[in-house]
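Remarks on the overall topology
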Amino acid sequence: MARRPLVMGNWKLNGSKAFTKELIEGLKRELDGVTGCDVAIAPPVMYLAEAEATLASCGCDCTSKNVIALGSQNVDVNVSGAFTGDISTAMLKDFDAKYIIIGHSERRTYHKESDEFIAKKFAALKDAGLVPVLCIGETEAENEAGQTEAVCARQLDAVLNTLGAEAFNGAVIAYEPVWAIGTGKSATPAQAQAVHAFIRGHIAKHSQAVADQVIIQYGGSVNDANAAELFTQPDIDGALVGGASLKAPAFAVIVKAAEKAKE
Ligand SMILES: O=C[C@H](O)COP(=O)(O)O
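Residues numbered from 1 in each chain as written. Predicted model: local features only at pLDDT ≥ 70, side-chain atom pairs only at ≥ 80, totals over all residues. Heavy atoms only, no water.

A look at the site of the ligand
Close contacts around the ligand come from 13 residues, with Lys12, His104, Gly182, Ser221 and Gly242 the closest. Within the side chain of lysine 12, a nitrogen or oxygen atom sits 2.7 Å from an oxygen atom of the ligand. The contact in question runs from an oxygen atom of the ligand to an N or O atom on the side chain of glutamate 176, over 3.2 Å. Here the shell around the ligand is built from residues that sort into four nonpolar, seven polar and two charged. (Near = heavy atom within 4 Å. Polar contact = N/O pair within 3.5 Å; in protein donor to acceptor, adjacent residues only side chain to side chain. Nonpolar A, V, L, I, M, F, W, Y, C, P; charged D, E, K, R; others polar.)

Set out below in structure tokens:
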């Protein structure tokens with residue numbers, strides 16, 4: 001089944017108002033004419049307004065303003081009320097955000113987010129009509145202990161066992177081995193493909209149709225030099241990009257590599 005690739009930039013804790021405007025203007029120029037790949041960016045929520053305005057205003061005839069979707073790096077489970085510091089699905093929708101990252105290993109580690117809590121976020125996003133980008137992946141120690149599949153299965157099961165496989169209709173999974181994030185040491189295409197096939201197979205045990213359509217991105221030191229080879233793999237449907245998403249030319253190379261590989 002042909003799946004449309006998705007390349008998403010996770011800016012993490014980087015940027016400023018000026019940086020947001022400059023990077024998005026650069027992306028719009030670089031991505032002009034791209035039609036065969038979905039593209040999203042997740043700036044810090046602080047800069048969503050700046051990002052939304054820059055995406056909407058275009059001083060040229062480019063078509064890329066329609067190509068780049070807005071996303072967020074996190075969301076909270078509560079909709080409103082006395083929850084200091086939290087961000088709701090409704091607030092994200094207010095800025096036209098669509099793809100929402102949940103379960104990133106940095107939140108699992110630094111904010112002690114559990115599989116169960118992340119499943120609640122997944123449910124909140126589905127209720128709101130937003131697209132969850134569910135990050136899963138094993139640590140280096142887990143990898144060395146041969147636990148990669150067990151860890152990915154456990155992280156997926158938290159959603160599958162509470163919401164059912166249908167919840168993955170229209171959703172995105174990002175396989176991000178923790179040992180590859182920000183290290184410059186990407187998984188090899190064959191290593192990543194093996195885990196992606198496992199993830200798809202795990203969902204297929206519940207529903208083949210859902211497994212066939214779910215987008216599975218790879219994340220972890222993806223850059224303009226290694227992206228094309230990763231995208232040759234049949235179960236790698238795009239990338240969740242950290243560091244290389246902060247430079248328009250590098251990010252554009254990754255998007256165009258996905259477009260070419262999956263045409
Ligand atoms: O969300 C993105 C990932 O954590 C990958 O980050 P990276 O491309 O800087 O390794």
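Okay, back to it.
Considerations on the UniProt feature "binding site: substrate" (unreviewed entry) in the protein
Taking the numbering used here, the UniProt-annotated feature "binding site: substrate" (unreviewed entry) corresponds to Asn10, Trp11, Lys12, Gly182, Ser221, Gly242 and Gly243. What stands out for the annotated residues spanning 234 residues is how close their C-alpha atoms remain, the widest pair being 13.8 Å apart. Relative to the helices and strands, tryptophan 11 resides in the loop between strand 1 (6–10) and helix 1 (17–30). Look at tryptophan 11 and you get buried, because its relative accessible area is 0%. Dropping the residues within four chain positions of it, tryptophan 11 is found in contact with Phe19, Thr20, Leu23, Ile24, Ile41, Ala42, Pro43, Pro44, Gln73, Ser245 and Leu246. Note on placement: lysine 12 falls in the loop between strand 1 and helix 1. In contact with lysine 12, other than residues within four places in its own chain, are Ala42, Pro44, Gln73, His104, Glu106, Ile181 and Gly242. (UniProt positions renumbered as here; feature names shortened; annotations may be inferred. Helix = DSSP H or I, 4+ residues; strand = E, 2+ residues; numbered from the N terminus. Buried < 20%, exposed > 50% of the residue type's maximum accessible area, 1.4 Å probe, protein only. Contact = heavy atoms within 4.5 Å.)

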